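A closer look at the structure
Each chain, letter by letter, is given below.
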Amino acid sequence: MSNEPNKKEISKRLRLEIRGAVQGVGFRPFVYAAAKKFDLKGFVGNESGGVFVEVEGEAAALSDFQIYLSSNLPPLAHITRIDSREIAAQFSTDFYIAESENRASENTLVSPDVSVCKDCLRELFDKNDRRFRYPFINCTNCGPRFTITRDIPYDRPKTTMSVFKMCELCQSEYDNPLSRRFHAQPNACAECGPKIWFVGKNDEMIDSKAAILATQNALANGEIVAIKGIGGFHLVCDAKNNSAVQTLRTRKGRGEKPFAVMCKDLKTAGNLVEINKAEKAILTSKERPILLLKKKTNKLSQLIAPNNQFLGVMLPYSPLHYLLFDENTDVLVMTSGNFSSEPIVTENAEALEKLPNLADSFLLHDRGIYVPCDDSVVRVFENEELPIRRSRGYAPFPVELPFKLPPVLAVGGELKATFCLAKDEFAFMSQHIGDMENLETLLAMEKSVGQMRGLFRIEPEAVVGDLHPNYLSTNWASKNLAKIAAKDAKFFRVQHHHAHLASVMAENKLQNEKVIGFAFDGTGYGTDGAIWGGEVLLADYQGFERVAHLRYVPLAGGDTSIKNPYRVALAHLWQAGVAWNEKLPCVAACPEIERKILLKQFENKFNTIPTSSFGRLFDAVASIAGARQTVTYEAQAAIEFEAVLDDNVTDSYEFTVIDGETIEIDAAPLIRWVALDVLDAIPISVISAKFNNATANLIVRLALLFRQREKLNKVALSGGCFQNVALLKASLKGLREHDFEVLTHTKVPPNDGGLALGQAMIAGYSLLK
């Protein structure tokens, strides 16, 4: 009997080209199993642009197959497009997985690094499993991706796992289309894969399984251990050991900036913080970010997050993390393995050279980290994520754009720096790079730009930076245009607050439509050379009109005033005509000789720069009210002022709106009122609430004014001030009561970490036009 297929039953053959996050996520074995399910013949393979499939069979089966592909995806897969066309039948007799194809000009989406899955976790603690307590257990549904990827297509030779030759058992799993580890590029076991070892105080080395026990003992003894993870090193100590926490804070020069903690499990976290349903979902998600949650108890040292009602909490996301916990240790402080303001350390040799002044001992491994990637930080607002730092678990997954852009590189700002590579309908936001204040961070960005340009095959036709003349990132991009972009590429400088608004417009997929934009933050260079930050702009991607702003106040000494909010408070009191009464906390905090110097500076406009910053106004009011006089990290005064707010208070201060060609928002009457309340011993919780309500009322008042004048109904809120959930909540409530359509951030941070997306949109739109 002939084995030749009945050609009459084969109606057609299709070629599918599938785009999205379809490499390194178990997509090919998924397609293989689906083809077998519907009795189809052909093949599937990786290419630089995604996955290609040729599939042959009856018309009904082909239709069912395509529906099945879109509706039953593997956990980490994400399809953005399927291009399908009919081709000549080849009368294939089987379905198989083909060799990968490399196409130099094409790119595909690269999966972020994700948390260990339930199946691998079960095997990790199964004494009968061959990967029992193996710190690098993974499968196609979990584990490292972005941080180990050198190039695409995503195959083992193009990852940092290429140096590990699989043993016979691992290879058989890797080659078996029905295995959970089929083509899992980091696949390994204790026999053939990466190893861990411990380096103690006296340079003693302990390897294999004893390394975990040695690490646990070191932590129990109050040591700080530098632990190599997925995207870099963490500095780790026992969160319940006050002495260890204080030592870590002192060594790192952390000031009072909060530490994050990793909890053994959800139950442990629930003993420390309040967790609602939406927060639980994010805390246990495959991304596993640091989630800012309201403290429930004082079981942990106040040194972890001093003067803060919120605690940054994450759950273990790598197998190694799970192995660190035991019956005696259930909460660990985990902070980036670096000196403050420097990039995260990723290499063993670098850690042993740079971190001995910070860490007592080291837990190392030999799986290479090709791309550094810090932990992500989010809050929850209205049951959705409000990103504070978008990095591990999210980067480099793209933001889908409202329309196609030509290739663009945007280099962001100075603080919370990220960059963005945009092409066609995708904006690839980088991982968190850091504050662009030193050469080390600049070099880290330069390296990452090169890596992502290669990975996503993007040759920018335009490069864009901030308008500020002294930003390292902008000046680097301008000087290196020929190295980082296509020949004859254009260079743009984009105004800071215009970029903020374009960012929130883009992530909400807004076409080039004008919005009433409120961009409130600490610092942004204005077109007039002043420091902006309390801006109302009528904006689209093409341009903006500054229609209102906070009235200028003199900022004396720039950074000195930012680090000492009492100086900003004295500036606002001076402008409001309020005497510097020593009963006001901000006046009492300022030495008399400094007061005299400041007064001369304000009167003579000597060494001052005008600012319209709402971030600085938050600092000023917080200082006058007594919340904070000096800060050790960005926005500390505003954060602590928000933390004491009484949300039962409905009373409000009021801004004066001075009409003109450009409206001025005068805070002077409000400042006078705040000072009187302080002198009358009104509680700081009430003052905080009244100021918050005043700011939200101002936003609604101005939105109504410009809706009437300009016939616009879309309002965009962006800038670091909108990380303040109390302000965001009050503003949205008021705007929605008047039926405004409001655009807020859920995909990229409202702070400068989202700036590059807006820059890319503005420059890309300019190229289109």
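Shown above is the structure to which this text applies.
We now turn to the structure provided with this report. (Residues numbered from 1 in each chain as written. Predicted model: local features only at pLDDT ≥ 70, side-chain atom pairs only at ≥ 80, totals over all residues. Heavy atoms only, no water.)

**Description of the environment of N480**
Note the threshold: The numbering of helices and of strands both runs from the N terminus, where a helix is a DSSP run of H or I of at least 4 residues and a strand a run of E of at least 2.
Here N480 is to be found in the loop between α12 (472-479) and α13 (481-484). Separated by 105 residues in sequence, N480 and D375 have C-alpha atoms that sit 29 Å apart.

**Digging into the packing of aromatic side chains**
Two measures describe an aromatic ring pair: the distance that separates the ring centres and the angle between the ring planes. To be explicit about the condition: A pair of aromatic rings is counted whenever rings of Phe, Tyr or Trp (Trp by its six-membered ring) have centres within 6.5 Å, and the orientation is called stacked for planes under 30 degrees apart, edge-to-face for over 60 and tilted otherwise. Buried, partly exposed and exposed residues are distinguished by accessible area as a fraction of the type maximum, computed with a 1.4 Å probe on protein chains only: under 20%, between the cut-offs, and over 50%, respectively.
Inspection of the entire model under this criterion finds 23 aromatic pairs. Between F518 and F520 the ring centres are 6.1 Å apart and the planes differ by 90 degrees, which places this aromatic pair in the edge-to-face class. On the basis of relative accessibility, which here comes to 0%, the residue F518 falls in the buried class. Given the relative accessible area of 0%, F520 is considered buried. Their ring planes at 90 degrees and their centres at 6.4 Å tell us that W532 and F544 sit as a pair that is edge-to-face. Taken as a pair, W532 in strand β22 (residues 531-539) and F544 in strand β23 (residues 544-550) lie far apart in primary sequence, 12 residues in all. What makes W532 buried here is its relative accessible area of 2%.

**A closer look at the packing of helix α11 (residues 439-455) against α12**
The cut-off we apply is this: Here an angle of 0 to 180 degrees is reported between the N-to-C directions of two axes, which are lines fitted to C-alpha atoms, with helices fitted over the stretch in contact. Note on angle classes: values under 35 degrees are labelled roughly parallel, values over 145 roughly antiparallel, values of 65 to 115 roughly perpendicular, and the remainder oblique. Two helices crossing with the near one rotated counterclockwise from the far one by less than a right angle form a left-handed crossing, whereas a clockwise rotation gives a right-handed crossing. We call two residues in contact whenever any of their non-hydrogen atoms come within 4.5 Å of each other. Note on residue categories: nonpolar means Ala, Val, Leu, Ile, Met, Phe, Trp, Tyr, Cys or Pro, charged means Asp, Glu, Lys or Arg, and polar means any other residue, Gly included.
Two numbers describe how α11 lies on α12: the axes approach to 11 Å, and their chain directions differ by 50 degrees. Viewed along their axes, α11 and α12 adopt a mutual orientation that is oblique. Crossing angle aside, the handedness with which α11 passes α12 is right-handed. Contact residues: α11 offers L442, M445, E446 and V449, while α12 offers L472, S473 and W476. When its residues are assigned to classes, the contact of α11 with α12 shows five nonpolar, one polar and one charged.

**Points about the state of the cysteines**
Note the following rule: Note on terminology: pairs of cysteine sulfur atoms within 2.5 Å are recorded as disulfides.
Tallied over the entire structure, the rule returns zero disulfides. The thiol sulfur of C189 is not disulfide-bonded, and the nearest other cysteine sulfur, from C170, lies at 3.7 Å. Left unpaired, C373 is separated from the closest cysteine sulfur, that of C420, by 15 Å.

**Details of the nonpolar core**
Basically, it comes down to this: By convention a nonpolar core is built from buried Ala, Val, Leu, Ile, Met, Phe, Trp, Tyr and Cys residues, the set being connected through side-chain atoms within 4.5 Å.
Membership of the largest hydrophobic core comes to 73 residues, with the highest contact counts inside it found for F518, L573, F614, F655 and F691. Among the elements that make up this core, the one with the highest residue count is helix α22 (residues 684-710) (10 residues). Setting aside residues up to four positions removed in sequence, F518 forms contacts with L501, E535, V536, I699, L702, A703, V715, A716, L717, S718 and F722.

**Some details on the pattern of salt bridges**
As a reminder of what qualifies: A pairing counts as a salt bridge when a side-chain nitrogen of Lys or Arg comes within 4 Å of a carboxyl oxygen of Asp or Glu.
Scanning the model with the defined rule gives 43 salt bridges in all. Among the salt bridges present, the one from D666 reaches R551, with a minimum N-O distance of 3.5 Å. Taken together, the residues D666 in strand β27 (residues 663-666) and R551 in the loop between β23 and β24 (553-556) connect sequence positions 115 residues apart. The salt bridge partner of E582 is R595, with a shortest N-O separation of 3.0 Å. With E582 in the loop between α16 (565-576) and α17 (585-589) and R595 in helix α18 (residues 592-604), this residue pair connects regions lying 13 residues apart in the sequence. Sharing partners across several salt bridges, the network here consists of R13, R15, E17, R19, E47, E54, E56 and R85.

**What about the sheet that holds strand β16 (residues 384-389)?**
Here is the rule we go by: Any two strands with at least two DSSP-identified bridges between them are counted as paired.
Spatially, the 11 strands line up as an open sheet ordered β7-β6-β14-β8-β9-β13-β10-β12-β11-β15-β16, and their pairing is mixed. Only two strands of the sheet have a single partner each, and these edge strands are β7 (205-207) and β16. For this sheet the average axis-to-axis angle between neighbouring strands, irrespective of direction, equals 35 degrees. Examined bridge by bridge, strand β11 (residues 290-294) and strand β12 (residues 310-314) share four bridges and lie antiparallel to one another. By the bridge assignment, L291 is partnered in β12 with V313. Running over the sheet, helix α23 (residues 725-737) touches β15 (377-381) and β16 and is turned about 35 degrees from β15.

**Description of the pairing of β22**
For β22, the buried fraction is high: nine of the nine residues fall into the buried class. Judged from the eight bridges that link them, strand β21 (residues 515-525) and β22 form a sheet pairing that is antiparallel. The residue of β22 that forms the bridge with I516 is L538. The hairpin turn running from β21 into β22, its antiparallel successor, is five residues long, and G529 in that turn takes a positive phi close to 85 degrees. Here five bridges tie β22 to β23, and the two strands are oriented antiparallel to one another. Looking at β23, one finds that V536 is bridged to A548. The turn linking β22 back onto β23 is made up of four residues.

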